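Notes for the structure review
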Amino acid sequence: MKKMSRNVLLQMEEEDDDDDGDIGDVPASRRPFLTPHTHLPSSLVLENLGQTIIPDLGSLESQNDFRTPEFEEFNGKSDSLFFNDGQRRIDFVLVYEDESRKETSKKGTNEKQRRKRQAYESNLICHGLQLEATRSVLDDKLVFVKVHAPWEVLCTYAEIMHIKLPLKPNDLKNRSSAFGTLNWFTKVLSVDESIIKPEQEFFTAPFEKNRMNDFYIVDRDAFFNPATRSRIVYFILSRVKYQLINNVSKFGINRLVNSGIYKAAFPLHDCKFRRQSEDPSCPNERYLLYREWAHPRSIYKKQPLDLIRKYYGEKIGIYFAWLGYYTQMLLLAAVVGVACFLYGYLNQDNCTWSKEVCHPDIGGKIIMCPQCDRLCPFWKLNITCESSKKLCIFDSFGTLVFAVFMGVWVTLFLEFWKRRQAELEYEWDTVELQQEEQARPEYEARCTHVVINEITQEEERIPFTAWGKCIRITLCASAVFFWILLIIASVIGIIVYRLSVFIVFSAKLPKNINGTDPIQKYLTPQTATSITASIISFIIIMILNTIYEKVAIMITNFELPRTQTDYENSLTMKMFLFQFVNYYSSCFYIAFFKGKFVGYPGDPVYWLGKYRNEECDPGGCLLELTTQLTIIMGGKAIWNNIQEVLLPWIMNLIGRFHRVSRSEKITPRWEQDYHLQPMGKLGLFYEYLEMIIQFGFVTLFVASFPLAPLLALVNNILEIRVDAWKLTTQFRRLVPEKAQDIGAWQPIMQGIAILAVVTNAMIIAFTSDMIPRLVYYWSFSVPPYGDHTSYTMEGYINNTLSIFKVADFKNKSKGNPYSELGNHTTCRYRDFRYPPGHPQEYKHNIYYWHVIAAKLAFIIVMEHIIYSVKFFISYAIPDVSKRTKSKIQREKYLTQKLLHENHLKDMTKNMGVIAERMIEAVDNNLRPKLE
């Protein structure tokens, strides 16, 4: 057997496969995959990605059939990033537990795992990778397999993966800033360039081995940076096979880790985060990131995005670029929001209708109708005095101004982010990323159906037929729809709770304000119900989140997207749709449904024929919506920080505690990193999801809570540094990944921005009392409807509370047991209806129809104005700046010119050589004849 050119596969015809997951289980002869490429040109390797022939090697009984890594002892250099020879760089580390030293009785299982691992490592060596194994210093059961990719392997797979590499230094000059006078200020906020030096810019092109001389190769060791090396090695690790069962092959490092054959697989951090490496050749990028990015003293500084991208890859870099830009834009929104809040706070003493509620001769003498049957008492309006004062802060003219401003702000944010994103695409060489992205190994493994490509008219493999794809889409959509219905059911449960517990609070809480207990001023039945329901709603949201995350991943795995970008976009849409309903449904209920369909005391509307619908306070439901937003936003921020900061910190602390007795031993870099926490492949996805949910709260319901942008700003300033601290200190280094943009989150934000205009307009129109107050002020405070000689808000409360005759109560409400407020013949309720004795008693009056017309007119006018401004801004601000377009066109031109000229030089040189040989041959033939 020629070990250098053939795969080693375990053939186990009757063994049970104990692996987890569902990838790779397809007939090997029908599955496209990698074959050993040693001594083959890269064009053949690329061709072999589409067609593989796996030899049937039979049962391998002896370990001599495997190629095993070299075992070396740790050389005592704790900061070393190289093999023991000091020359070959460690690009990846695999960790496993030696089966011969395991304290377990499952010898058969251990033997199977050992043979699978040996077959896998043998195939890695066959694919050109170099391995070196070292036992753990602290635990001799652990073995660390260090992986190095030689120059030839890097070049081969760089071409396969279409990785862009430098052609020549960038000769385009940066335009000087228009704010030159503020350079001193921006210098304070920027990272010190003497500490983190700016990256040299290059013109780049997809790498080709046959044009290697065209690329800017000064030093072979530095041509592929550590992040690119790790990407290439991970690409190989994810596609190499290790087992064959019934003509079905198993493959990939992810599957081996999931099944426990390997404990971990990760690239190395380059040094400790608290101090620089002792190795003079180490760039100490982790140390620099911690010092200038993750440390609390750098909280006011800009992020070193180029270094983040270089160390962690474009995917991490684009996330922090977006989060930083979003936080900067929140600063403007927070300033305007605080100004509107202060306007409401300073003018609350001028709130006439609140004064009427609190006045003992007005609100103190208005008897309100019971808000539930039998157990609820009559109550005086002035018990809502404190809540009415708070409502004046949020339900003011400043709220309207802020809602309009936020409609414009969100458009500016999205448009300017597109421009910033286009700049990053150019600077980070991701402009044509979609053409470069490879299929996921899980997708490749399922490609068993042969079809004819409509464009190339050549055969290609796909994972399922059109009919199979329809079935999968139907099943996935049904599963998502089922879970959304489950969330709606939980919201209905919360509503039933509110209706039930309101009766209890109405019966137990005091009905009068005696002035001796300050709690009575705030703890009304409505307030107590709102707070407890909001807390329970938050708990249910967190529980459903935990369950649905796993369900959404299962559904997306079943759907089988082709590329990692497609996978994340599909998962993003499912998760956001669920989170949208989960987080926002209770807010939508309070804003647009609560108190809107209650009937009147003589003919109330019942839920499920049993529970009487909730009513709002006399001032509306706006304050309750504010309470709901505060609890959910605050609770979510606290919960996320506990999950993101405390849990990994505690886990690492426990690990250090267990190792403290052996801490005097010097441990190598790979063992230090192994004891850090792993970050899942979807770790960044959850960070995006958290921020987008926050973005929804900031925009969708901002008319009820102008301080939301301020809370989001404070949270995000901390979030950036907390995420940076986690990545640099608590987690293993992530495998660098490419990303062109923020993916499906961009259209989601655009959808939220469009919806936000509608929700804020409807909150002002239907949830707040702004429109009824304006209608009263301009129409019903003066003749012919009012009695005042000039426009005023006096009498507003009396005008907006309708009268009900107690004798007209139905049986459920008669015989009210509470008589502390005396016997009354009438009571008041919040609606616009004719009084008893009127020819149209209890029908909606003229005030109601004026208010409805004004609300609809307001919504139409506000929406059209904001949408017009939004579309104008979108049209006026191009997605890609003129400067960036020029750079992209210049790079394409110079790249093509450079490659073309070099190609012509090579052809000219070759033609010259051929011409010289032809002349020489002709001369040699003619000379004898002449002689």
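Residues numbered from 1 in each chain as written. Predicted model: local features only at pLDDT ≥ 70, side-chain atom pairs only at ≥ 80, totals over all residues. Heavy atoms only, no water.

Named according to an unreviewed UniProt entry, the protein chain is Anoctamin originating from Papio anubis. Per UniProt, the comment on the protein chain under Sequence similarities (unreviewed entry) is "Belongs to the anoctamin family." (UniProt positions renumbered as here; feature names shortened; annotations may be inferred.)

As for the overall build of the protein chain
Across its full length, the protein chain holds 27 helices and 21 strands. The proportion of buried residues among the 931 residues of the protein chain is 53%. Within the protein chain, contacts between residues at least 6 apart in sequence are counted, and of these 79% link residues at least 24 apart. When the accessible area of the protein chain is evaluated, it comes to approximately 44,000 Å², of which 58% is carbon and sulfur surface. (Helix = DSSP H or I, 4+ residues; strand = E, 2+ residues; numbered from the N terminus. Buried < 20%, exposed > 50% of the residue type's maximum accessible area, 1.4 Å probe, protein only. Contact = heavy atoms within 4.5 Å. Areas by Shrake-Rupley, 256 points an atom, 1.4 Å probe, with all protein chains shown as cover.)

Re the packing of helix H3 (residues 151-160) against helix H6 (residues 226-237)
For the pair H3 and H6, the least separation of the axes is 10 Å and the interaxial angle reads 80°. Judged by the angle between their axes, H3 and H6 are roughly perpendicular. Contacts from Val153, Leu154, Tyr157, Ala158 and Ile160 of H3 reach H6 at Arg229, Ile232, Phe235 and Ile236. Here the contact of H3 with H6 is composed, by residue class, of eight nonpolar, no polar and one charged. (Axes fitted to C-alpha atoms, helices over the stretch in contact; angles between N-to-C directions. Parallel < 35°, antiparallel > 145°, perpendicular 65-115°, else oblique. Nonpolar A, V, L, I, M, F, W, Y, C, P; charged D, E, K, R; others polar.)

Section: the environment of glycine 313
Residue position: glycine 313 is located in the loop between helix H9 (305-312) and helix H10 (314-346). Taking the C-alpha atoms as reference, glycine 313 lies 8.4 Å from alanine 739; in sequence the two are 426 residues apart. Those residues in contact with glycine 313 that sit more than four places away from it in its chain are Ile308, Pro736 and Glu737.

Looking at a nonpolar patch on the surface
On the surface, a nonpolar cluster with roughly 690 Å² of combined accessible area is contributed by Ile638, Ile642, Leu646, Trp649, Ile650, Met651, Leu653 and Ile654. With respect to the secondary-structure elements, leucine 653 resides in helix H19 (residues 622-658). Residue leucine 653 is classed as partly exposed on the basis of its relative accessible area, which comes to 38%. (Patch = residues over 30% accessible without salt bridge, like charges linked within 9 Å, V, L, I, M, F, W, Y side chains within 5 Å. Salt bridge = Lys/Arg side-chain N within 4 Å of Asp/Glu carboxyl O.)

A word on the sheet that holds strand S5 (residues 130-135)
Taken in spatial order, the five strands of this open sheet run S3-S5-S6-S4-S11, and their pairing is mixed. Two strands close off the open sheet at either side, each with one partner strand: strand S3 (70-71) and strand S11 (264-266). Inspection of the sheet shows S5 paired to strand S6 (residues 142-148) by six bridges, in the antiparallel sense. By the bridge assignment for S6, alanine 133 is matched with valine 145. Contacting strand S4 (92-97) and S6, H6 crosses the sheet at an angle of about 45° to S4. (Pairing = 2+ DSSP bridges.)

Quick notes on the packing of helix H21 (residues 683-700) against helix H22 (residues 708-730)
For the pair H21 and H22, the least separation of the axes is 10 Å and the interaxial angle reads 170°. Relative to H22, the element H21 is oriented roughly antiparallel. Residue-level inspection shows Glu687, Glu690, Met691, Gln694 and Val698 of H21 in contact with H22, the latter providing Ala708, Pro709, Ala712, Asn715, Asn716, Glu719, Asp723 and Lys726.

Some words on H3
With nine of ten residues buried, H3 lies mostly within the body of the structure. For H3, the complete set of buried residues consists of Trp151, Val153, Leu154, Cys155, Thr156, Tyr157, Ala158, Glu159 and Ile160. Phi for histidine 162, located one or two positions after H3, is positive at around 55°.

So, the UniProt feature "transmembrane region" (unreviewed entry) in the protein chain
The sites that carry the UniProt feature "transmembrane region" (unreviewed entry) are, in the present numbering, residues 319-346, 397-417, 480-507, 527-548, 575-593, 691-714, 748-768 and 846-867. Here residues 319-346 is 100% helix and 0% strand, with 40 Å between the C-alpha atoms at its ends. Helix makes up 95% of residues 748-768 and strand 0%, whereas the separation of the span's terminal C-alpha atoms amounts to 28 Å.

A word on the pattern of salt bridges
Tallied over the full model, the rule gives 31 salt bridges. Where arginine 229 meets aspartate 91, a salt bridge forms, and the shortest distance between an N and an O atom there is 2.7 Å. Here aspartate 91 lies in the loop between S3 and S4 and arginine 229 lies in helix H6, a separation of 138 residues in the sequence. Residue arginine 229 shares its accessibility class with aspartate 91, and that shared class is buried. Here arginine 833 makes a salt bridge to aspartate 831, at a shortest N to O gap of 2.8 Å. Assigned by exposure class, arginine 833 and aspartate 831 land together as buried.

Thoughts on the packing of aromatic side chains
In the structure shown here, the tally under the stated rule is 60 aromatic pairs. Between phenylalanine 207 and phenylalanine 215 the ring centres are 5.1 Å apart and the planes differ by 50°, which places this aromatic pair in the tilted class. For phenylalanine 215, a relative accessible area of 7% gives the class buried. Centre to centre, the rings of phenylalanine 378 and phenylalanine 809 are 6.4 Å apart; their planes meet at 65°, and the pair counts as edge-to-face. On the criterion of sequence distance, the pair formed by phenylalanine 378 in the loop between strand S12 (367-368) and strand S13 (379-380) and phenylalanine 809 in the loop between strand S20 (801-805) and strand S21 (826-830) is long-range, its members being 431 residues apart. Phenylalanine 809 matches phenylalanine 378 in its accessibility class, with the two residues each being buried. (Phe/Tyr/Trp six-rings, centres within 6.5 Å; stacked < 30°, edge-to-face > 60°.)

Brief notes about the side chain of serine 80
Relative to the helices and strands, serine 80 is located in the loop between S3 and S4. Here serine 80 falls in the buried class, since its relative accessible area comes to 11%. At 3.2 Å, the side chain of serine 80 forms a polar contact with the backbone nitrogen of phenylalanine 82. (Polar contact = N/O pair within 3.5 Å; in protein donor to acceptor, adjacent residues only side chain to side chain.)

Some points on the nonpolar core
Membership of the largest hydrophobic core comes to 165 residues, with the highest contact counts inside it found for Trp322 and Phe697. Both domain 1 (70-172 + 205-268) and domain 2 (302-772) contribute no fewer than three residues apiece to this core. (Core = buried A, V, L, I, M, F, W, Y, C linked by side-chain atoms within 4.5 Å. Domains from an automatic or database assignment.)

A few points about the environment of asparagine 284
Mapping asparagine 284 onto the fold places it in the loop between S11 and helix H8 (285-294). For the pair formed by asparagine 284 and histidine 269, sequence separation is 15 residues and the distance between their alpha carbons is 9.2 Å. When neighbours within four sequence positions are excluded, asparagine 284 is seen to be in contact with Asp270, Cys271, Gln276 and Ser277. Within polar-contact distance, the side chain of asparagine 284 engages the side chain of glutamine 276 at 3.5 Å.

Structural notes on the state of the cysteines
Counted by the stated rule, this structure contains three disulfides. Paired through a disulfide, cysteine 351 and cysteine 392 show a sulfur-sulfur distance of 2.2 Å. Note on the cysteine 351 and cysteine 392 pair: the S-S dihedral is about -70°, so by sign convention the disulfide is left-handed. With cysteine 351 in the loop between H10 and helix H11 (352-358) and cysteine 392 in helix H12 (residues 385-394), the pair connects residues that are 41 residues apart, well separated along the chain. (Disulfide = S-S within 2.5 Å.)

A few points about unusual backbone geometry
Most peptide bonds are trans, and most residues other than glycine sit at a negative phi. For the bond running from proline 783 to proline 784, omega is 10°, close enough to zero to count as cis. With respect to the helices and strands, the residue proline 784 is situated in the loop between helix H24 (770-780) and helix H25 (796-800). Of note in this structure, leucine 560 is not a glycine but carries a positive phi near 60°. By secondary structure assignment, the location of leucine 560 is in the loop between helix H17 (525-559) and helix H18 (564-592). Even without being a glycine, tyrosine 842 presents a positive backbone phi close to 65°. One can find tyrosine 842 in the loop between S21 and helix H26 (846-876). By relative accessible area, tyrosine 842 is classed as buried at 6%.

Looking at the environment of arginine 461
Mapped onto the elements, arginine 461 comes out in strand S15 (residues 459-462). The partly exposed category is assigned to arginine 461, whose relative accessible area is 32%.

Structural notes on the side chain of serine 704
Looking at the secondary structure, you find serine 704 in the loop between H21 and H22. With relative accessibility at 0%, the residue serine 704 sits in the buried group. In this structure the side chain of serine 704 is engaged in a polar contact, spanning 2.8 Å, whose partner is the backbone oxygen of phenylalanine 701. Aside from chain neighbours lying at most four places away, what touches serine 704 is Phe394, Leu622, Leu625, Thr626, Leu629 and Ile763.

Points about the confidence of the model for the protein chain
Predicted confidence across the protein chain gives a mean pLDDT of 80, with 81% of residues reaching 70 or more. Residue range residues 1-6 is modelled with pLDDT below 50. Its contacts to residues more than four positions away, or to other chains, number 13 contacts. A low-confidence stretch, residues 176-182 (pLDDT under 50), is modelled with zero contacts involving residues beyond four sequence positions or located in other chains. (pLDDT = per-residue confidence, 0-100.)

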